[in-house]
Amino acid sequence: VVFISHSGDDNKYLHMAIAFATHEIQAYDEIWFNDNKIWTDSGGFQGDWGTYVTIDRKFGTAGQAASTQLTNANVLWTSDHKLSGIAYIAFKLEWNQDKFPQGVPNITAVIRGKKVYDPRDQSIGYSQNPALCLRDYMLDQSYGLGEVAANLNDTSISDAADLCDEQVGLD
């Protein structure tokens, strides 16, 4: 949680910004409150959760704007609070005893994470291919090894990525 505030009569609304990654991500697939899936990318809010929860998803792009949901709700969150390069969700929760019987829920999300470079077709996007993820880790200056790209053999990485993409029959 990187920001939290209240608003409304009797502090009826809770506003939060929760950071999920310190880099750009591909997508948010699901949002969970405790053990309840409240939102999916394919179906939106589950049940009546949309009545009590508002979300503003930020994907961690370098030029992303600040959450208007938070800037409209609180003078402490301004248009300067962009959190560039940080994937976060701004939440507005409306207090309801039945929805939040234990208070603020434990909020988690299923995300399609960091975008990686694929030397096979020069594309950049989310991938679960271990060879491509390892290449990204080896080159990442902030959280990886910080290796120089010229020291990697992209032909070998492409071959390894092809092997990782092969379907294997289970007999």
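Predicted, not measured: the structure shown is a model, and the values here were computed from it.

A. Unusual backbone geometry, seen in detail. For Asn11, which is not a glycine, the phi torsion comes out positive at approximately 50°. In this fold, Asn11 is placed in the loop between β1 (3–7) and β2 (13–21). Asn11 gets classed as partly exposed once you look at its relative accessible area, which sits at 47%.

B. Geometry of the packing of aromatic side chains. Enumeration according to the criterion identifies 9 aromatic pairs in this entry. Summarising the aromatic geometry, the rings of Phe33 and Phe100 are spaced 6.2 Å apart at their centres and angled 45° between planes, so their arrangement reads as tilted. Of this pair, Phe33 sits in strand β3 (residues 25–33) while Phe100 sits in the loop between β7 (87–94) and β8 (107–118); the two residues are 67 residues apart in sequence, bridging distant segments of the chain. Residue Phe33 is classed as buried on the basis of its relative accessible area of 2%. Grouping aromatic residues by their ring pairs yields a cluster made of Phe33, Trp49, Phe91, Trp95 and Phe100. Above the plane of the ring of Tyr13 lies Lys92, whose end atom (NZ or CZ) is 4.4 Å from the centre. Its end group placed over the ring of Trp49, Lys99 keeps NZ or CZ at 4.4 Å from the ring centre.

C. Representation of the environment of Trp32. Position of Trp32 relative to the elements: it lies in strand β3. Overall, the relative accessible area of 24% leaves Trp32 in the partly exposed class. Side chain to side chain, Trp32 and Glu30 meet in a polar contact 2.9 Å long.

D. Examining the side chain of Thr40 more closely. In this structure, Thr40 sits in strand β4 (residues 36–40). In terms of polar contacts, Thr40 uses its side chain to reach the backbone amide nitrogen of Gly43, at 2.8 Å.

E. A look at the nonpolar core. Ile31, Phe33, Val53, Phe91 and Leu93 are the most contacted members of the largest nonpolar core, which totals 20 residues. Mapped by element, the contributors of at least two residues to this core are β2, β3, β4, α1 (49–52), β6 (53–59) and β7. If we skip the residues at most four places from it in the chain, Phe91 touches Leu14, His15, Met16, Ile18, Ile31, Phe33, Val53, Thr54, Ile55, Gln69 and Ile107.

F. Spotlight on the pairing of β2. Of the pairings in the sheet, the one linking β1 to β2 comprises 5 bridges and is antiparallel in character. Across the sheet, Ile4 pairs through a bridge with Met16, a residue of β2. Taking the residues that link successive antiparallel strands as the turn, the β1-β2 hairpin has 5 residues, and the phi of Gly8 there is positive, at about 85°. Pairing of β2 with β7 involves 8 bridges; the strand directions are antiparallel. Bridge pairing links Met16 to Phe91 in β7.

Each value, and the rule that gives it
Residues numbered from 1 in each chain as written. Predicted model: local features only at pLDDT ≥ 70, side-chain atom pairs only at ≥ 80, totals over all residues. Heavy atoms only, no water. Helix = DSSP H or I, 4+ residues; strand = E, 2+ residues; numbered from the N terminus. Buried < 20%, exposed > 50% of the residue type's maximum accessible area, 1.4 Å probe, protein only. Phe/Tyr/Trp six-rings, centres within 6.5 Å; stacked < 30°, edge-to-face > 60°. Lys NZ or Arg CZ within 6 Å of the ring centre and 35° of its normal. Polar contact = N/O pair within 3.5 Å; in protein donor to acceptor, adjacent residues only side chain to side chain. Core = buried A, V, L, I, M, F, W, Y, C linked by side-chain atoms within 4.5 Å. Contact = heavy atoms within 4.5 Å. Pairing = 2+ DSSP bridges.

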